[in-house]
Every structure is written in structure tokens, then in C-alpha cells.
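Working through the structure, step by step
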Amino acid sequence: RGNHVVGHVVTLANPEGRVSLALPPGGCGTRELTTMTATAHKPICKLAVNAGYFNVHNGACIGNVVSDGQIIQTVPLSQGNVNFGIKDGKFYIGYFSPEDISMVDFDHLVSG
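What counts and how
- Residues numbered from 1 in each chain as written.
- Predicted model: local features only at pLDDT ≥ 70, side-chain atom pairs only at ≥ 80, totals over all residues.
- Heavy atoms only, no water.
- Helix = DSSP H or I, 4+ residues; strand = E, 2+ residues; numbered from the N terminus.
- Contact = heavy atoms within 4.5 Å.
- Areas by Shrake-Rupley, 256 points an atom, 1.4 Å probe, with all protein chains shown as cover.
- Phe/Tyr/Trp six-rings, centres within 6.5 Å; stacked < 30°, edge-to-face > 60°.
- Buried < 20%, exposed > 50% of the residue type's maximum accessible area, 1.4 Å probe, protein only.
- Patch = residues over 30% accessible without salt bridge, like charges linked within 9 Å, V, L, I, M, F, W, Y side chains within 5 Å.
- Salt bridge = Lys/Arg side-chain N within 4 Å of Asp/Glu carboxyl O.
- Core = buried A, V, L, I, M, F, W, Y, C linked by side-chain atoms within 4.5 Å.
- Polar contact = N/O pair within 3.5 Å; in protein donor to acceptor, adjacent residues only side chain to side chain.

1. Observations concerning the overall build of the protein
- Of regular secondary structure, the protein possesses 2 helices and 7 strands.
- Across the protein, the fraction of contacts at a sequence separation of at least 24, relative to all contacts at a separation of at least 6, is 50%.
- Here the protein has roughly 8000 Å² of accessible surface; of this, 56% comes from carbon and sulfur atoms.

2. Topic: the packing of aromatic side chains
- Tallied over the entire structure, the rule returns 3 aromatic pairs.
- Aromatic pair Phe-84 and Phe-91: ring centres 5.4 Å apart, planes at 40°, arrangement tilted.
- Pairing Phe-96 with Phe-106 gives two aromatic rings, centres 5.3 Å apart and planes at 50°, and the pair type is tilted. Placement of the pair is Phe-96 in the loop between β6 (90-94) and α2 (98-104) and Phe-106 in the loop between α2 and β7 (108-111), with a sequence separation of 10 residues. Comparing Phe-96 with Phe-106 shows no difference in burial state: the two are buried.
- An aromatic cluster is present here, built from Tyr-92, Phe-96 and Phe-106 joined pairwise through their rings.

3. Looking at a nonpolar patch on the surface
- A cluster of nonpolar side chains, contributed by Val-10, Leu-12, Leu-47 and Val-49, occupies part of the molecular surface with about 380 Å² of accessible area.
- Along the polypeptide, Val-49 turns up in the loop between α1 (34-40) and β1 (53-54).

4. Here's the deal with the nonpolar core
- Among the nonpolar cores identified, the biggest contains 5 residues, and these are Val-66, Phe-96, Ile-101, Phe-106 and Leu-109.
- Once residues within four sequence positions are removed from consideration, Phe-96 is found in contact with Asn-64, Leu-77, Asn-83, Ile-101, Phe-106 and Leu-109.

5. Examining the environment of Thr-74
- Note that Thr-74 resides in the loop between β4 (70-73) and β5 (83-87).
- Judged by its relative accessible area of 32%, Thr-74 is partly exposed.
- Through-space distance from the C-alpha of Thr-74 to that of Ser-102 is 9.5 Å; in sequence the pair is 28 residues apart.
- In this structure, Thr-74 is in contact with Asn-64, Pro-98 and Ile-101, ignoring residues within four places of it in sequence.

6. A word on the side chain of His-108
- Relative to the elements of secondary structure, His-108 occurs in strand β7.
- Engagement of the side chain of His-108 in a polar contact is seen with the backbone nitrogen of Asp-68, the distance being 3.3 Å.
- For His-108, the residues in contact, after removing those within four places along its chain, are Val-19, Ser-20, Leu-21, Val-66, Ser-67, Asp-68, Phe-84, Gly-85 and Ile-86.

7. With respect to the pattern of salt bridges
- One pass over the structure, following the stated rule, counts 1 salt bridge.
- For Asp-88, the salt bridge is made with Lys-87, and the minimal N-O distance between the two is 3.8 Å.
- Here Asp-88 falls in the exposed class, since its relative accessible area comes to 55%.

Written as C-alpha cells, this is what we have:
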């Protein structure tokens, strides 16, 4: 009680083709600020947010990660959390097994 949390809400009129998952320039396990990732991303991001879980000690990604159609890593369904995915401009939210992720061929996906 009594804690104040500051957040931001962003609304996109047309998110298709404008939302993607960009890994830090050095990949999972590296620690860059979101501004570094946004600047390194092509085209340059106008807005970047942290997404998905990561190990606070070494920066490693935790959970399922797909970026630009490439599966970076998956975890067994029993160890996973809810996922947010994009495929052909459509958004998918749910629990996906490694097999689901391979079959659906997501453009982008992150656990969180």
C-alpha cells in the first residue's frame, strides 16, 4: 500500500508490421539498455520496451523466444509461462509447447 508505480500506455492504430521482438545486439545473455537495442534494430525503433523474463545475474533469456522467424530457445510446456506471439500480422496469446512453436512458425514470440 502507498506505493506509486509509473507506467506508460502506447496505442497503435495499425500494429501490423510495426511490432517485433528484437534481441539485444549481443543476443540473449548480454545486457544492453533498451535504447541500445532500439538504436541497433533496423529500421530504428521509435519505442522499445523490455519484454520477457531474464536471469538477473547473467542476463540470459528465460522461456520461449522467437525473433524474426528464428527460434532462439524453447522450454517444455510444464516450465513455460504465457506467451505473446506474432504470425502474419496476427497476435497469439497462450501456452505453447516447443512442438507448437515449431509448427506455427511464429515471426516473433516471447514468454512473459
